Amino acid sequence: MKKIKYLLAAIALGSALTLSSCSDLMDLAPTTQYTEEMVFSDAALTQAFVNELYNNIMHGAKEHTLDGLTDDAYFTHNYGQKAVNETAVSESGLEWFNNDNNPFKWEFCFRGIRYANVVINNIDKVPPKQGYDLDRMKGEAHYLRAHMYHELLRGFGGVPIVTKDYTLDETEEMQQPRNTVRECLEFIVKDLEEAENYLPTTVSDSEIGRVTKYVATGLKARILLHVASPLYADRTINKLPCNQYDGDRQALYRAAKIAAVNVIENGPFKLVDCSTGTNTERAELFKAVITDKQNSEQMFVRNFGIDAGDANRMGLWHGPNGYHNWAGTTPTQDLVMAFEFEDGSLPQGMTKPGEYQVGNPYNGREPRFYGTVATDGNEWGRPRPADAQALDPTPKGRLQAGYYEVTDGDADITIELPTGGTVSFKGMNGIDTRKGPIEDWNGSWTGYYERKLIDCAVDAQYYKQAVPWTFMRLAEMYTIAAEASIELGELDDAAKYLDILRKRIGNVDTKTALTAQGKQFNQEDLREFVRHERRVEFAYESIRYFDVRRWMIADVTNSKPLTGILVIGRLKPGQTQNKPYIHNEEKYEYTYYVNPLGNENRRWDNKLYFAPIARDEMRRNPNLVQNPGME
C-alpha cells in the first residue's frame, strides 16, 4: 500500500490557508505518514493534502529571480545565473536551471503533478464531511496541476503528460515521451476548464491565496497567449517538433482575448486607482499594489507570515547594503531608461557606456518608475541602522549610491570615468556603494536598487516582511486582451484596454504616447508599445523572462552589454558641505555616467529559448528528447 508522507507539514499550512474546520485538524494523530486509504477516507486529511499542493508552486520571493536572467536586472553575487547569461549551460551543467528558485524546475513541478494526480484520482471516493467542500478540492487540484504544467511548458516546451500516480515498480510505464506543445496546451486548458466548474467565484478574506474560478480563467488566457506567440510558430530556430505549435494561432489569440475579457468584465477584481496625488504619491499607490497584503487587483498570491519558515526576506536579499542588506537583484540602466516621461515620450540616450548627463535624469518620469527603482538621493523609507545614522541622519534615509565631494572629506576619491581619464577630490564614498563603510561587498554594481517588491518600512536586517508574492493580478489580463487584439488586427480594442491600465496610474492615453514617441497607430508600432507596457508594468514580477522568449527578441535583449550608473556629486562654486552628506541639488552638481559592468559577458545562444532537461532525467527516461543545443 502506497504511503503519502509529510502530511504533518501540510496540516501546519493552516497558518497560510485557513480551513473551514480547524478543530477537526487539531484532533488528527501526530504522525508524519498516512496511507492513501487514510488520507482519502477523511475529508480533513484530504483538505490538508490539497493545501500542501500549493507549496509545489514556486514563488519568486527569492534571493535571485528570473529577472536576473533578463535585461532588467543583474544578480549582484554572480553565481548560478552568470552561467546562463553567458550561455554556459547544458544537460550536464544546469547551473541556475537546477536552482530551487527556478519556478519551472523539472523535479519540483513533476513532484507536484504527481501529488495533484493522487488527489484527482482519489477525490471521488472521499466520504462527505460537514465543513469540507470536496468539489472545491477537486477544482484546486485540477488548477494546481495545470499551473505546474504551464510552468513546464513555458520553460521546456513539450513535456510528458502524466495523469497516473505510478508506483516505484512501474519503471517502464513511467518512461513516457515528450508530448507536443499543442497536446500540453490542450491538456492545460482542459484542466483549467474542469477547475472553473468546481472553484468558487470569490474567497473570504481569511482564504486569500486559494484559487478561484477566475484565476483558472486568467491562467487560461496567459497560456493561450503564450503558445500563440512567434516562438511556437517558428521553424528556423525552434526546430524540435514537440516544441512547435501546428494549430491556428489566430484562434489561440481569439481564445486568449475572450478569457482575459471574461476576467475583466465578470470577475470580482478591480484595478487599484493610483491616479491621484503627486507623482510620488501615485508611485507609492502603484507599489502598494504589490506590497499590500490584500487589495482588489490581486488574483492569485502566495501569502507569507512573519513567523513562517519560508517567510519573505526580499528586503534583506534585495535591499541596500547601507541598511545591512544584500543588494541581491539590482536594476540595470537599460530598464531605467525604459520608463516614459509624464508626457508619454521616452528618454533619449543614456544607454551606452560613456554617455553622461549633468543634472538629474530621473525627473519627470511616470509614477511606475519611482515605485519600481530606487536611485541615488531617493528616500528609502526608514531611518538608517545605528552604525550608519551619523552618516545619514535623515528620518527616512536618503540613498547614497554615488561619490561626493565634502568640505571636510577625509577620503581621497579617485574615480576612473567611463568617458576616459579620472577625477579626484576630497570627499566620501556613498554608504550604499561598494566602497562604502557598511558591508561594501553587498553593494549594488549597477548603482540602483530594486524598490517594488520591498516593504521599505521594515528593518530587513532583522525582520521579515509580510508582503505576498503575486502570481497573477488583473493588470495582466488587460495586457493580454490588448496584445491579442493587436495580433487579431483589432487595434481600437487594444488601445481601449491599454488606456484603462494607463489611466489608473495617471499616464497619458495610448495614442498620445505613440505620438510623443514618434510612432504611428498601426499594428507594428502597437505591438512594440504593448511589449514595452508589459515590461514596465510587470518589472520584477517574473514575467519578462518568458516574454522575450515567446516574442523571439531575446537575441537582442539578452545580448546587450550590462550597464549601470556612476553618480558623482561635486560642490558648486562657492558652496560648502561638511559631513554628514545629504543629497542636495542646490549645493551639488551631479553628473550621471552610464557605467559598463564587466561582471558578466552577456551573450545569447538560441538554445536558451528552452531550458535543458537534466542528464539524470534523460538517463532515467530514454524516451525523452533533449532540447537542441543542450546535449
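That block above? That's the structure.
All residue numbers refer to position in the chain's written sequence, counted from 1. Residues qualify for local features only when their pLDDT is at least 70, as the model is predicted, and side-chain atom pairs are given and counted only at 80 or more; totals for whole chains, interfaces and linings, by contrast, use all residues. Excluding hydrogens and water, the side-chain values take into account all heavy atoms of the structure.

**Student:** So what exactly am I meant to see when it comes to the overall build of the protein here?
**Tutor:** Strands here mean DSSP runs of E at least two residues long; helices mean DSSP runs of H or I at least four residues long; both are numbered from the N terminus. Secondary structure summary: the protein contains 23 helices and 14 strands in total. Radius of gyration here uses only the C-alpha atoms, and the compact-globule reference equals 2.2 Å multiplied by the residue count raised to the power 0.38. What you see for the protein is a C-alpha radius of gyration of 25 Å, in line with the 25 Å of a compact globule of 631 residues. C-alpha atoms of the protein, sized along the principal axes, occupy 85 × 55 × 50 Å. Each residue gets one of three labels from its accessible area relative to the maximum for its type: buried under 20%, exposed over 50%, partly exposed in between, using a 1.4 Å probe on protein chains only. Looking at the 631 residues of the protein, the share that counts as buried comes to 62%. By definition in these notes, contact holds between two residues if any of their heavy atoms fall within 4.5 Å. Of the contacts made within the protein by residues no fewer than 6 positions apart, 73% connect residues no fewer than 24 positions apart. When the accessible area of the protein is evaluated, it comes to approximately 24000 Å², of which 48% is carbon and sulfur surface. Only four residue types enter the charge count, namely Lys and Arg as positive and Asp and Glu as negative; His and the chain termini do not. Charge positions come from single atoms, namely NZ of Lys, CZ of Arg, CG of Asp or CD of Glu. Both charge centroids of the protein, one from 71 positive and one from 89 negative side chains, sit 1 Å from each other. What sets the accessible areas is the Shrake-Rupley method with a 1.4 Å probe; for residues, cover comes only from the shown protein chains.

**Student:** Where do I start with the nonpolar core in this structure?
**Tutor:** One recurring pattern in soluble globular proteins is that nonpolar side chains are buried together. Nonpolar core, defined: a set of buried Ala, Val, Leu, Ile, Met, Phe, Trp, Tyr and Cys residues in which side-chain atoms within 4.5 Å join the residues together. Judged by nonpolar contacts, the single largest core of 154 residues is most densely connected at Phe97, Tyr143, Tyr149, Phe300 and Met477. By residue number, the principal contributor to this core is helix α7 (residues 134-156), which donates 11 residues. Tyr403, Val423, Ile568 and Tyr593 belong to the second-largest nonpolar core, a separate cluster that totals nine residues.

**Student:** What exactly am I supposed to notice about the sheet that holds strand β10 (residues 422-429) here?
**Tutor:** Read across the sheet, six strands follow the order β6-β14-β13-β8-β10-β9 without closing on themselves; strand pairing throughout is mixed. Of all strands in the sheet, those with a lone pairing partner are β6 (356-358) and β9 (411-416), marking the two edges. Along the sheet, successive strands turn relative to each other by an average axial angle of 35 degrees, direction set aside. Any two strands with at least two DSSP bridges between them are considered paired. Here strand β13 (residues 563-571) runs beside strand β14 (residues 588-596); their pairing, made up of nine bridges, is antiparallel. If you follow arginine 570 over to β14, its bridge partner there is glutamate 589. Geometry is summarised by axes, namely lines fitted to C-alpha atoms with helices restricted to the contacting stretch, and by angles between N-to-C directions that run from 0 to 180 degrees.

**Student:** I tried to follow helix α4 (residues 43-53) on my own but got confused; where do I start?
**Tutor:** An α-helical segment advances 3.6 residues per turn. Residues three or four places apart therefore align on the same side. With 10 of its 11 residues buried, α4 lies for the most part within the structure. Here α4 has its buried residues at Ala43, Ala44, Leu45, Thr46, Gln47, Ala48, Phe49, Val50, Asn51 and Leu53.

**Student:** In this structure, what is going on with the pattern of salt bridges? I would like to understand it.
**Tutor:** For side chains bearing opposite charge, pairing can occur when the charged atoms are close. Throughout this description, the term salt bridge denotes a Lys or Arg side-chain nitrogen within 4 Å of a carboxyl oxygen of Asp or Glu. Enumeration over the complete set of coordinates arrives at 52 salt bridges. We note a salt bridge from arginine 222 to glutamate 476, for which the minimum N-O separation is 2.8 Å. Taken together, the residues arginine 222 in helix α10 (residues 213-228) and glutamate 476 in helix α17 (residues 474-487) connect sequence positions 254 residues apart. Across this residue pair, the class does not change: arginine 222 and glutamate 476 are buried. A salt bridge links glutamate 533 to arginine 368, with the nearest nitrogen and oxygen atoms 2.8 Å apart. Note that glutamate 533 is positioned in helix α20 (residues 523-537) and arginine 368 in helix α16 (residues 367-372), a separation of 165 residues in sequence. Exposure remark for arginine 368: the relative accessible area of 0% places this residue in the buried category.

**Student:** When you look at helix α18 (residues 491-503) in this model, what are you seeing that I'm missing?
**Tutor:** In this model α18 runs 18 Å from its N-terminal to its C-terminal C-alpha over 13 residues, within 8% of the 18 Å that 1.5 Å per residue would give. Every buried residue belonging to α18 is among Leu491, Ala494, Ala495, Tyr497, Leu498, Leu501 and Arg502, and all of these are buried. One face of α18 carries all of its buried residues, which in axial projection span an arc of 170 degrees. Away from the buried face of α18 by more than 90 degrees, exposed residues Asp492 and Lys503 are located. Each element contacted by the buried residues of α18 is listed here: α12 (249-266), α16, α17, α19 (510-516) and α20. In this scheme, a helix's expected span is set at 1.5 Å multiplied by one less than its residue total. Here, the arc refers to the directions that run from the helix axis to the C-beta atoms.

**Student:** What should I look at first to understand the environment of asparagine 295 in this one?
**Tutor:** Along the polypeptide, asparagine 295 turns up in the loop between α13 (279-291) and β4 (298-302). Residue classification places asparagine 295 among the buried positions, given a relative accessible area of 15%. A sequence separation of 25 residues divides asparagine 295 from lysine 270, and the C-alpha atoms of the two residues are 8.7 Å apart. Ignoring anything within four residues of it in the chain, the contact list for asparagine 295 reads Val272, Ala288 and Val289. A distance of 2.9 Å separates a polar side-chain atom of asparagine 295 from the backbone oxygen of valine 289. For asparagine 295, the side chain forms a polar contact with the main-chain nitrogen of glutamate 297, separated by 3.0 Å. N or O atoms within 3.5 Å of each other form a polar contact, as long as, within protein, one can give a hydrogen and the other can take it, and as long as residues adjacent in sequence are counted only when both atoms are side-chain atoms.

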